[in-house]
Amino acid sequence: MTESDRPQPHVAVPLNGYWTEWSARAARNAAPGWAALVGEMAGLQDTFAAAAPPPEAVAEARSLVEQTRAVLARHEVGDDDQWFGRFLPAPDRGQTFSPPIRLTGITEHALAGKTMFGRFHSGNNSAAHGGGIALLFDDLFGRLVSVGDIPPARTASLSVNYRSVTPLDEPLAVEASVAEVDGRKLYLTGTLRHGDRLCADATALFLTLRPEQIRPAEAEAPPG
Ligand SMILES: CCCCCCCCCCCC(=O)SCCNC(=O)CCNC(=O)[C@H](O)C(C)(C)COP(=O)(O)OP(=O)(O)OC[C@H]1O[C@@H](n2cnc3c(N)ncnc32)[C@H](O)[C@@H]1OP(=O)(O)O
């Protein structure tokens, strides 16, 4: 393990007001243990992808997953009220879609952090799936444009260059920065490295939303 691979504490993004309210509402309402359940689900995805079980284990696992779905389905809510993905200060944001990003350095115009792809995001030959890498960059850029006073923004375009294979189960370093701001247009750049090796780099255009494009977080219906 190199010095740069040693665990460093996660730094939560200082969110703009919109995302602060959006996130705080989920944190207020979420049942105790929700964050741990999210971690268990992420672990399940990796374990599922890596497993080649015999028939009796397939049947047992399927039954258990069916039971779990039935438990959760009894408590389905609309997406305004969901908790999934809304724990913005946490490395995984409370979701299992893209790999957690442990942020280690944040300024108004740049983020740095650590991440890792598991078996769930495998493409082939122990390499991360290219779509998973694009997802990682979109998520990273989404965090970057949520820092400070930037209004809510959406991805208008995202371009990824795959420079070398991105390994699974290895610590990876990510960086993202705002290269240029032109009115509503935010031009972003990012890199993904394994040690000194560049695995991928990306550019993106995010557009901050016009007021009429934003659904106020505080206007969302209360749960229950
Ligand atoms: C802590 C964690 C927090 C939060 C963490 C969250 C992490 C997750 C983040 C995920 C982020 C996403 O994936 S967001 C979801 C994916 N993205 C989307 O669904 C976006 C779908 N598209 C749209 O909604 C729309 O197209 C918009 C909002 C992007 C733009 O529409 P608009 O607002 O009407 O803007 P429009 O007038 O068309 O364009 C404005 C200017 O931008 C230019 N423009 C528009 N699109 C493009 C384009 N693709 N490429 C080049 N230029 C473009 C136009 O030419 C124009 O230039 P000029 O004439 O002014 O010079």
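Up top you'll find the structure we're talking about.
Keep in mind that this is a model prediction, so the values were computed, not measured. (Residues numbered from 1 in each chain as written. Predicted model: local features only at pLDDT ≥ 70, side-chain atom pairs only at ≥ 80, totals over all residues. Heavy atoms only, no water.)

1. Details of the packing of aromatic side chains
Per the stated rule, a full pass over the model turns up 5 aromatic pairs. Each ring, one from W19 and one from W22, has its centre 4.8 Å from the other, and the planes form 85°; the classification is edge-to-face. Placement of both W19 and W22 in helix 1 (residues 17-29) is noted, with a separation of 3 residues, approximately one turn of the helix. Here the two residues W19 and W22 agree in accessibility, since each one is buried. Judged by centre distance (5.4 Å) and plane angle (80°), the ring pair of W34 and W83 falls under edge-to-face. With W34 in helix 2 (residues 34-50) and W83 in the loop between helix 3 (55-73) and strand 1 (101-107), this pair connects stretches of sequence that are 49 residues apart. Residue W34 is classed as buried on the basis of its relative accessible area, which comes to 17%. Members of the aromatic cluster, each reached through a chain of ring pairs, are Y18, W19 and W22. (Phe/Tyr/Trp six-rings, centres within 6.5 Å; stacked < 30°, edge-to-face > 60°. Helix = DSSP H or I, 4+ residues; strand = E, 2+ residues; numbered from the N terminus. Buried < 20%, exposed > 50% of the residue type's maximum accessible area, 1.4 Å probe, protein only.)

2. A short note on the site of the ligand
Lining the immediate surroundings of the ligand are 19 residues, of which D138, R154, R184, K185 and Q213 lie closest. A distance of 2.8 Å separates an oxygen atom of the ligand from a polar side-chain atom of R154. Between a nitrogen atom of the ligand and a main-chain N or O atom of T155, the distance comes to 3.0 Å. Calculation on the ligand without its partners gives an accessible area of 1,300 Å², and the protein chains cover 54% of this total. When residues of the shell around the ligand are traced back to their parent elements, those giving at least two are helix 4 (130-144), strand 3 (153-162) and strand 6 (197-208). Classifying every residue of the shell around the ligand gives 6 nonpolar, 5 polar and 8 charged. (Near = heavy atom within 4 Å. Polar contact = N/O pair within 3.5 Å; in protein donor to acceptor, adjacent residues only side chain to side chain. Areas by Shrake-Rupley, 256 points an atom, 1.4 Å probe, with all protein chains shown as cover. Nonpolar A, V, L, I, M, F, W, Y, C, P; charged D, E, K, R; others polar.)

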